[in-house]
Amino acid sequence: MTQPSYKEMWENLNLDIEAHDGLLEVLGKFYGDIYMSQQGRLQGMEYLDFVLSEVHGLRIKELMDAKAQGRKIIGTFCVFVPEELSLAVDAIQVGLCAGADAGTEAAETIVPRNTCALIKSFIGFKMAKICPYTESCDLIIGETTCDGKKKAYEAFGEMAPMHIMEIPQRKEASDRELWKSEVLRFKDELEKITGKKITAESLKQGIKTVNDKRRALQRLNTLRAATPTPISGRDVLLINQVSFYDDPVRFTQSINTLCDQIEERIAKNEGIVPENTPRLMLAGCPMAVPNWKLPYIIESSGAVVVSEESCIGTRNTRDLVDESGETVEEMIDAICERYMKIDCACFTPNNERLDNIKKLAEETKVDGVIHYSLMFCQPYTHETFKVEKTLAESEVPMLAIETDYSMEDVEQLKTRVEAFVEMIS
Amino acid sequence: MIAGIDIGSRSMELVVLDGDKIILKRKLPTTFDPASQIKKIMDGVKVDLISATGYGRKLMTEELTGTPCTSLTEIKAYALGISHLFPEARTILDIGGQDTKAISLFKNGKVAKFEMNDRCAAGTGKFLEHLSTVFQIPIEDFGSYALEGSEPLQINSMCTVFAETEATSLMAQGKNPHDIALGLHGSIVRRTTNMLNRVGLVEPLVFAGGVANNSCVIKMLQDSLFINPLIPDEPDFAGALGAALFGRSQQKIL
């Protein structure tokens, strides 16, 4: 994957070149094993393969070129950060590296060992100097979605320029007020670092661009659930992951092209797996690149993932921002309302999530649900019990998996997943 | 004829079925070279299909054996094997070398729910095996050794290594070693009981796997659950039998 032409760029970003080469090598091999080995993939996936092969190359070069033109790069770790506003100041918003064991030892010198793999990973990537996205950012937005992240940002903030958004924990009127003030504070910060004012015109365009991206992903989510399944769950996961750092307009167009191909495949009644393959939903914690462990295990165990309830799934794409607002004030209100629909496990109570899972299980006609929690992720591990109870009422079997990014438990996970697939077959 | 083989972490068992009749049973330690042990256990066995289960199930291939092979997980294998031996069974407890499983069954014998221990060997046969060496007692006799105790001493740690530390501290305090051993068995039973409760314990309960040979674990399970678990004659062969039955059903399809 290493392109010599990017070496200078990486050096300018102050990356640890040797460690970064090592990361790319592992990533390339992992991608080859998990993705390129698939049979009967759609032609449209070539775009995704290309984007991923250039994830630390061409896309970073685009970011550098944009920076040279005076545009700012905003980094995020969470679906709560409204990309609409970043686009409205002509900034680029990207998700940051947090999906692999990297720099874990270094991370454990500033955060407790009993911290989830995602948090350790973003700190580790920063400390090991191997994430060109983190290094490109003019500002990184943290958010208070859990205690682990909240406190980790204090340590992270000493190494990178940060702005923290407070996410309410309930959805009362006072919480909505707090959220609005946080959105406005984010707007002020964006205007300050870019020197640009958000106008009704720029915000309207920002809302439209992000909504179009969500609409393309909604279309994909509907099509993927056809019988026989037209696209692997791994591929859809990859698409959702790429949606966090690709150019939104180009991405939307590519996904719509891919969806056209999926429609052709559905019309011909062709599937990526036989029609009677057990259909599963994944629910729970998000999976950042290259965290493909569990979907790969599932799809090598004779099942296929047809829906995904997580921040790299329907949680991020289900709701659109109302596009009828004309003034900045009206549009900010519409943005606030849309983001407060997010059914993150940081809320209490969070019954919407249970309803949404139940509905998605019905709509996508799944034979079972695999609930995935990252080890030490309190909010999602707690909700595992409720999700299981809710699904039991609809007689949908559920398997709870708690794991991290390491590979030591792959064999045990395989046994569990295979047994679950046998159970529902 | 169908062979069912259960390749566990500690031992492998073979069952050969001719129609409904078991015509051969064999058992060998898995050792560090399971592939050679597989060849040994299959020596002279001519069957139409081999059906493998256990953590080494993927080792069983046509290249290795010269016979068509299929595989299934231990969970399904135990469900099939136990339902065959005890058609009325509703819950299974299988404590093997490195895994403990609690399986609840529908009335028709299908798996309804299961729980399995995580990546660590706490509460498994490995735990007992490791601690029996601390007492310098052969694993086969460890249960009866513990039953000579009268006051089970509380062992809090579920971790094998920390449990050993607790046991050695108790020894250093001059406590009765039989009571310590009883406490160690008790800690397995507590963990197992929790697992059974999570899948929803419905009688009859069948206890199988290698640890079902341990008289102390059986006794303490009876005392804590107030029920008498059913135990197959050779509890460590239930998985291999289930595998063979699965193989037979596959053969009918093929």
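## Examining the sheet that holds strand E1 (residues 2-7) of chain B
All names here are of chain B. Pairing is mixed across the open sheet formed by 5 strands, whose spatial order is E3-E2-E1-E4-E5. Across the chains shown, the open sheet's two edge strands, defined by having one partner strand only, are strand E3 (21-29) and strand E5 (69-71). Averaged over all pairs of adjacent strands, the angle between their axes in this sheet comes to 20 degrees, without regard to strand direction. Note: E1 against strand E4 (residues 49-53), 5 bridges, orientation parallel. Residue pairing for E4: Asp6 is matched across the bridge by Thr53. Lying over the sheet, helix H1 (residues 34-41) contacts E1, strand E2 (11-18) and E3, oriented at roughly 145 degrees with respect to E3.

## Points about the nonpolar core
Core analysis: the biggest nonpolar cluster contains 142 residues, and Phe122(A), Tyr133(A), Ile239(A), Trp292(A) and Ile370(A) have the highest contact counts within it. With 8 residues, helix H19 (residues 410-424) of chain A is the largest single contributor of residues to this core. With sequence-adjacent residues up to four places away left out, Phe122(A) is seen in contact with Phe77(A), Cys97(A), Ala98(A), Ala152(A), Tyr153(A) and Phe156(A). Core analysis: the next-biggest nonpolar cluster, separate from the first, contains 35 residues, Phe135(B), Ile137(B), Ala212(B) and Met220(B) among them.

## Brief notes about the pattern of salt bridges
Following the criterion strictly, the structure yields 56 salt bridges over all chains and no others. The partner of Lys67(A) in a salt bridge is Asp138(A), and the shortest N-O contact between them spans 3.2 Å. Placement of the pair is Lys67(A) in helix H4 (residues 58-68) and Asp138(A) in the loop between helix H8 (132-136) and strand E3 (139-143), with a sequence separation of 71 residues. By relative accessible area, which is 24% here, Asp138(A) ends up partly exposed. Among the salt bridges present, the one from Arg57(B) reaches Glu74(B), with a minimum N-O distance of 3.5 Å. Of this pair, Arg57(B) sits in the loop between E4 and helix H2 (62-65) while Glu74(B) sits in helix H3 (residues 74-85), and the two are 17 residues apart along the sequence. There is no split in this pair, since Arg57(B) and Glu74(B) are both buried. By sharing partners, the salt bridges in this structure join Glu309(A), Arg315(A), Arg318(A), Asp319(A), Asp343(A), Arg353(A) and Glu383(A) into a single network.

## So, the side chain of Gln38(A)
Residue and element names in this part refer to chain A. Here Gln38 is to be found in the loop between helix H2 (17-36) and helix H3 (45-53). Accessibility expressed as a relative area gives 11% for Gln38, which makes it buried. Within the local environment of Gln38, its side chain forms a polar contact with the side chain of Ser232, the two groups lying 2.6 Å apart. Within the local environment of Gln38, its side chain forms a polar contact with the side chain of Asp235, the two groups lying 3.2 Å apart. Non-local contacts of Gln38, meaning those with residues more than four positions away in its chain, are made with Ser232, Arg234 and Asp235.

What counts, and where the lines are drawn
Residues numbered from 1 in each chain as written. Chains lettered and ligands numbered in written order. Predicted model: local features only at pLDDT ≥ 70, side-chain atom pairs only at ≥ 80, totals over all residues. Heavy atoms only, no water. Pairing = 2+ DSSP bridges. Helix = DSSP H or I, 4+ residues; strand = E, 2+ residues; numbered from the N terminus. Axes fitted to C-alpha atoms, helices over the stretch in contact; angles between N-to-C directions. Contact = heavy atoms within 4.5 Å. Core = buried A, V, L, I, M, F, W, Y, C linked by side-chain atoms within 4.5 Å. Buried < 20%, exposed > 50% of the residue type's maximum accessible area, 1.4 Å probe, protein only. Salt bridge = Lys/Arg side-chain N within 4 Å of Asp/Glu carboxyl O. Polar contact = N/O pair within 3.5 Å; in protein donor to acceptor, adjacent residues only side chain to side chain.

These results come straight from atomic positions and should not be treated as a statement about function.
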